[in-house]
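Single-letter residue listing:
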Amino acid sequence: MAITTQNPIAIVELCSTLRQLRQLHGHLLAAGVLLDPPLFAKFVAAVALSPRTPHHLPYSHELLSHSPHHASLFALNSMIRAHSKSSTPIKSFHFYRQILLADALSPDNYTFNFLIRACAQASAPEAGRAAHAAALRRGFLSDAHVQSGLIHMYAELGSSDAFRRVYGELQNPDLVTQTAMVSACAESGEIELARQLFDEMPHRDVVAWNAMIAGYSHLGRSREALDLFGLMQVEGVRIGEATMVSVLTACAHLGALDQGKWVHVFVEKNKLRLTVTLGTALSDMYFKCGCVARAMDVFWRMKERNVYTWTSAISGLAMNGNGGKCLELFEQMKDDGVLPNEVTFVALLRGCSVAGLVEDGRDVFESMKSRYGIEPWLEHYGCVVDMYGRAGRLKDAISFIDAMPMEPHAGAWGALLNACRLHKNIELGEYAMEKMMQLELRNHGAYVSLSNIYAESRNWHGVSDVRELMKAKGVRKEPGCSVIEVDGQLHEFFVGDKSHPKYIKIETTMKEMMSKLRSAGYVSRTNQVLFDIEEEEKEDALCWHSEKLAIAFSLMSLRDGVTIRIVKNLRVCWDCHETSKFVSKVFDREIVMRDRNRFHHFKDGVCSCMDYW
DNA sequence: ATAGGGTTAG
């Protein structure tokens with residue numbers, strides 16, 4: 001590496017190994033650059049905050065402890081800041097004490113801001129209250145960023161009363177503080193209050209808009225997030241990278257491909273740099289819209305990829321049923337020197353599961369602990385159960401559950417139950433259901449799965465028993481909802497929904513569609529279709545599942561050859577799945593359907609899931 | 001010289 005002393009700080013960013021950092025340090029030392037205290041402080045700060053080096057934090061600590069006379073307030077504040085974002089935030093207090101112990105130094109507003117954020121990151125209420133008290137004692141509570149930090153911290157700690165009190169005591173809250181309050185209210189679920197505060201703000205900058213948009217996005221209220229983004233453009237607020245990230249998240253959640261593409265064009269037209277965060281959000285949006293090729297294209301165009309980027313891609317491939325590619329990507333991730341985390345393994349195991357790669361999956365699960373020192377979560381166990389079950393190895397699945405070191409959760413039994421549905425094992429299915437109900441009485445998905453097991457084996461008594469049970473336990477099925485996008489406009493359909501302005505035409509189209517499908521050999525299995533519907537509606541032959549309504553509407557609205565893209569909130573039922581297969585053949589139309597778990601790509605009468613889901 | 005908002009899975 002060629003080293004100049006022109007801009008030592010920028011070079012820190014380029015180092016990706018501890019050796020390179022040491023080398024750089026040696027060169028700067030030899031050149032006498034680090035004799036200048038401000039530059040030394042900057043160097044330490046850059047090392048501490050350098051995101052690319054795994055050992056940057058201990059190394060910056062080492063640098064600092066070898067030159068105590070250089071430990072300026074700036075350097076120590078930087079250490080507190082760096083730790084506040086790390087996995088060991090509580091170490092911030094070590095540097096806070098160092099400031100207190102140094103005769104020539106005393107903490108300032110920056111110190112407390114970072115310290116308070118460290119407490120939030122550490123979820124440490126006692127430390128947080130101590131930092132709050134210290135900031136008060138030293139007179140820094142008038143600082144907007146300290147206020148903002150406190151509000152953020154109490155929101156993070158789940159203490160709604162506390163952040164309201166902090167905010168309530170202020171006479172004239174600054175823009176920064178108001179924004180923190182909006183964000184805190186949204187985070188604690190009080191989105192309406194957040195919106196009210198937001199609307200009442202005399203000035204709203206980009207950050208305030210982003211906080212509000214992210215608030216909606218976080219609660220899954222993605223349409224409101226996009227609506228607000230529209231308003232933001234009307235007001236002429238300058239749109240930046242962070243805005244785009246929030247908007248892309250909302251698009252991904254909704255499966256709003258047209259709007260997502262618009263963002264992509266915007267990013268390119270305005271020459272926004274494809275940073276890790278923005279690139280990841282963009283690639284993830286394409287994955288969640290079922291556009292694997294575009295997603296991978298963005299992925300490989302990125303200059304830098306971190307664990308989020310890789311995990312998003314592995315998970316995206318798994319969702320789209322490309323499990324083999326997941327493992328390939330995992331190898332490339334390792335070659336790139338990026339360490340996987342818990343979430344990466346969830347994605348990988350799901351990939352092995354959908355691809356039926358049982359042996360690989362078992363190796364992956366084993367390597368988690370042995371090679372990466374990662375303790376599996378309940379989710380990981382659930383994935384493995386799903387993997388065995390899906391492959392038809394129900395015995396392996398059940399003995400895996402029995403061998404779990406902790407109490408199996410409802411998810412593990414749920415995975416087994418789904419496997420029993422796929423492989424038509426009533427006896428084991430009933431057992432799994434029983435176990436599941438001891439843990440989670442209100443999981444409507446379990447009831448539907450069990451009912452489908454009965455239905456597929458024509459056991460009508462079983463079906464009605466489940467219905468009775470649901471009624472007795474007061475379990476209500478979440479209403480099925482499908483969303484499609486036509487010309488950038490989102491259309492939402494519920495089960496038996498007749499509220500769409502063009503419903504009459506939808507109904508006609510639907511009838512024509514179904515009769516064409518029937519003459520092509522489609523046979524319905526009404527028992528399953530009707531399970532989700534209320535008793536009185538059962539008689540009504542026109543009560544269609546939301547995805548069927550969405551398909552009929554697409555056929556009458558979309559030009560020939562345009563892919564139908566549907567996002568569904570629940571798992572797709574057998575009948576709608578069958579219908580989609582036939583539509584793809586009879587109407588020569590590709591359908592991409594995202595359900596609760598995965599994607600179904602229908603083409604020429606075949607689904608990418610090979611009828612296993 | 002340092003401060004706010006955002007990314008992954010379920």
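Provided above is the structure to which this section pertains.
A quick note: this is a predicted structure, and the numbers were derived from the prediction, not measured. (Residues numbered from 1 in each chain as written. Chains lettered and ligands numbered in written order. Predicted model: local features only at pLDDT ≥ 70, side-chain atom pairs only at ≥ 80, totals over all residues. Heavy atoms only, no water.)

Participant: Explain the overall build of chain A to me, using residue names and the numbers behind them.
Facilitator: For chain A, the helix and strand inventory stands at 33 helices and six strands. In summary, chain A has a C-alpha radius of gyration of 28 Å against a globular reference of 25 Å for 613 residues, a match within 12%. Considered along the principal axes of its C-alpha atoms, chain A spans approximately 85 × 55 × 50 Å. For chain A, with 613 residues in total, the buried portion stands at 51%. Sequence-distant contacts in chain A: of pairs separated by 6 or more residues, those separated by 24 or more amount to 63%. Carbon and sulfur atoms form 51% of the exposed surface of chain A, whose accessible area is close to 28,900 Å². Averaging the locations of the 67 positively and 71 negatively charged side chains of chain A gives two centres separated by 3 Å. (Helix = DSSP H or I, 4+ residues; strand = E, 2+ residues; numbered from the N terminus. Rg over C-alpha atoms; globule rule 2.2 N^0.38 Å. Buried < 20%, exposed > 50% of the residue type's maximum accessible area, 1.4 Å probe, protein only. Contact = heavy atoms within 4.5 Å. Areas by Shrake-Rupley, 256 points an atom, 1.4 Å probe, with all protein chains shown as cover. Lys, Arg positive; Asp, Glu negative; His and termini not counted. Charge placed at Lys NZ, Arg CZ, Asp CG, Glu CD.)

Participant: Describe unusual backbone geometry, naming the residues involved and giving the relevant values.
Facilitator: The phi dihedral of K424 falls on the positive side, at around 55°, and the residue is not glycine. By the element assignment, K424 lies in the loop between α25 (410–422) and α26 (426–439).

Participant: Can you lay out the packing of aromatic side chains for me, pointing to particular residues and giving the numbers?
Facilitator: If you walk through the whole model with that rule in mind, you get 20 aromatic pairs. Look at Y110 and F114: their rings are 6.4 Å apart centre to centre, the planes differ by 45°, and that puts the pair in the tilted class. Residue Y110 and its partner F114 are both found in helix α7 (residues 109–122); the two are separated by four residues, about one turn of the helix. Between the aromatic rings of F112 and F140, the centroid separation amounts to 5.5 Å while the plane-to-plane angle is 35°, which identifies the pairing as tilted. With F112 in helix α7 and F140 in the loop between α8 (125–137) and α9 (144–156), this pair connects stretches of sequence that are 28 residues apart. Among the aromatic side chains, those forming a connected cluster through ring pairs are F93, Y96, F112 and F140. Looking at R204, its charged tip hangs above the ring of F198, at a distance of 4.9 Å from the centre. Its end group placed over the ring of W613, R421 keeps NZ or CZ at 5.6 Å from the ring centre. (Phe/Tyr/Trp six-rings, centres within 6.5 Å; stacked < 30°, edge-to-face > 60°. Lys NZ or Arg CZ within 6 Å of the ring centre and 35° of its normal.)

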